[in-house]
Amino acid sequence: MVLWDTIYEDTLDGQLGRLKFKPLMPCPYIEVKMKLILDNPSYLKDTIPIIGELVLEGKFKITNSGITLLCMDASNVAFIVFKLLKSSFSSYDIKEDLTVGLNISDFKSVLRKCKDKDHLIITYDDNRLILTIKGKTTRIFKLPTIDIEQDGKESELKFECTIKTESDILTDVVEVAELGKDEGGVVFNISDKIVCDSILPPKESQTIIKADKHTTISGTCRSKYAIRYLKKFVSGSKISNFVTIQMSTDYPIKISYKIPDKVELAFILAPMVENE
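What follows concerns the sheet that holds strand β17 (residues 221-226). Here 4 strands make up an open sheet; going across it, the order is β15-β14-β13-β17 and the pairing antiparallel. The sheet terminates laterally at β15 (203-210) and β17, the two strands that pair on one side only. The mean angle between the axes of side-by-side strands here comes to 15°, regardless of whether they run parallel or antiparallel. Of the pairings in the sheet, the one linking strand β14 (residues 193-200) to β15 comprises 8 bridges and is antiparallel in character. Within the sheet, the bridge partner assigned to I194 lies in β15 and is I209.

This is the structure in structure tokens:
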């Protein structure tokens, strides 16, 4: 194989450099461990910044079924489940399972440069994740991998209540409950309707949601969750217009945004005690 090409290599600070390759002596074939092509980079561009609000680094597992990230936030209160399925990609070639640790801020900075009609090519070589963005220009980023010891594992939870509704309804609940502050919590009372109460003396708020063609409710329970985490979770509405909420009395809540057979972003949050 003879190298003779000209590429543009972009940097995280936006500077553009031009690298010229002159003819070289034939070199042995180097097998690429993986090559993934994503025609809709928004699956990553919209999700990774949300994850970055909760964690600084992530351990991504890349297998024949897709890319998965399972991790706990630094306070051990919220757990993140991210899955980008193989079917999301127009091309998915992987020689062996890989585990790639990345700085989320760096990953986010690269993804921010993706435009709507760009294609994202993901390869891996020499302990670096190589992200190639192809559009009107070709931009190449090489992110060093980092060692992350902790392995995330999703707990098997059994929920008493399941709510399926439009994403903006949950966003409204959080915005009403916030009352201009991040402190405090939202109490969810689930029966044939959903009543969400927030009390931050001297202020109080309440949102009532009834079942209809856009909202289904099953089960009964009561539990309280921290507003400052819920505010971050509802950014998942960028991914899907619908959300699934699962909870039980004084038990973790699971909030899931999903595009079937494409991508899922879910959050599991521990409950607050009633006097918090």
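Past the structure itself, the notes keep going.
Moving on, we get to the packing of aromatic side chains. Inspection of every chain in the model, using the stated rule, returns 6 aromatic pairs. Measuring from ring centre to ring centre gives 5.7 Å for F60 and F107, while their planes differ by 90°; the resulting arrangement is edge-to-face. Here F107 lies in helix α3 (residues 104-111) and F60 lies in strand β4 (residues 57-63), a separation of 47 residues in the sequence. By relative accessible area, which is 3% here, F60 ends up buried. When the centroid spacing of 4.4 Å and the interplanar angle of 5° are considered together, the rings of F233 and F267 count as stacked. Residue F233 is found in helix α5 (residues 227-233), and its partner F267 is found in strand β20 (residues 263-269); the two are separated by 34 residues along the sequence. Of the two residues, F233 and F267, both sit in the buried class. In this structure, K232 packs its charged tip against the face of Y229, placed 6.0 Å from the ring centre.

Here we come to the pattern of salt bridges. In this structure the tally under the stated criterion is 3 salt bridges. Between R139 and D118 there is a salt bridge, and its shortest N-O distance comes to 2.9 Å. Of this pair, R139 sits in strand β11 (residues 138-144) while D118 sits in the loop between α3 and β9 (119-125), and the two are 21 residues apart along the sequence. Here R139 and D118 have matching classes, each one buried.

In space, the 9 strands of this open sheet follow the order β8-β4-β5-β6-β20-β19-β18-β12-β16, with antiparallel pairing throughout. Of all the strands in the sheet, the pair left with one neighbour each is β8 (98-103) and β16 (216-218). Between one strand axis and the next, the sheet turns by 15° as a mean value, whatever way the strands run. Alignment of strand β12 (residues 161-166) against β16, held across 3 bridges, turns out to be antiparallel. Paired with K164 across the two strands is T216, which belongs to β16. Set on the sheet, α3 makes contact with β4 and β8; between it and β8 the angle comes to about 85°. In this fold helix α4 (residues 167-178) packs onto β12, β18 (242-247) and β19 (253-259), with an angle of close to 105° to the strand it touches most, β12.

Where burial is concerned, the two faces of strand β7 (residues 91-94) differ: the one with Y92 and I94 is buried and the one with S91 and D93 is not. With 4 bridges joining them, strand β3 (residues 34-38) and β7 adopt antiparallel strand pairing. Looking across to β7, one finds that M34 is bridged to I94.

As a further point, take the environment of K134. Assignment of secondary structure puts K134 in strand β10 (residues 128-134). The exposure class of K134 is partly exposed, given its relative accessible area of 41%. Note: C-alpha distance between K134 and K117 (17 residues apart in sequence) is 8.9 Å. What K134 contacts, discounting residues up to four positions off in sequence, is D118, H119 and I121.

This paragraph deals with α4. Think of an α-helix as 3.6 residues a turn; residues three or four steps apart then line up on the same face. Over its 12 residues, α4 extends 17 Å from the first C-alpha to the last, a length consistent with the 16 Å expected when each residue adds 1.5 Å. If you check which residues of α4 are buried, you get S167, I169, L170, T171, V173, V174, A177 and E178. L179, located one to two residues past α4, shows a positive phi value of around 55°.

Turning next to the confidence of the model for the protein. Confidence along the protein averages 87 in pLDDT terms, with 86% of residues attaining 70 or more. Note on residues 1-9: pLDDT under 50 across the span, and 33 contacts to partners over four residues away in sequence or across chains.

It is worth spelling out the nonpolar core at this point. A general trend in soluble globular proteins is that nonpolar side chains are found buried together. Ranked by size, the top nonpolar core spans 72 residues in total, and within it L44 and F188 carry the most contacts. The dominant element in this core, judged by the number of residues it contributes, is α4, at 5 residues. Not counting residues up to four positions away in its chain, the partners in contact with F188 are V173, I194, V195, C196, C221, R222, S223, Y225, L230 and M247.

What counts, and at which threshold
Residues numbered from 1 in each chain as written. Predicted model: local features only at pLDDT ≥ 70, side-chain atom pairs only at ≥ 80, totals over all residues. Heavy atoms only, no water. Pairing = 2+ DSSP bridges. Helix = DSSP H or I, 4+ residues; strand = E, 2+ residues; numbered from the N terminus. Axes fitted to C-alpha atoms, helices over the stretch in contact; angles between N-to-C directions. Phe/Tyr/Trp six-rings, centres within 6.5 Å; stacked < 30°, edge-to-face > 60°. Buried < 20%, exposed > 50% of the residue type's maximum accessible area, 1.4 Å probe, protein only. Lys NZ or Arg CZ within 6 Å of the ring centre and 35° of its normal. Salt bridge = Lys/Arg side-chain N within 4 Å of Asp/Glu carboxyl O. Contact = heavy atoms within 4.5 Å. Expected span 1.5 Å × (residues − 1). pLDDT = per-residue confidence, 0-100. Core = buried A, V, L, I, M, F, W, Y, C linked by side-chain atoms within 4.5 Å.

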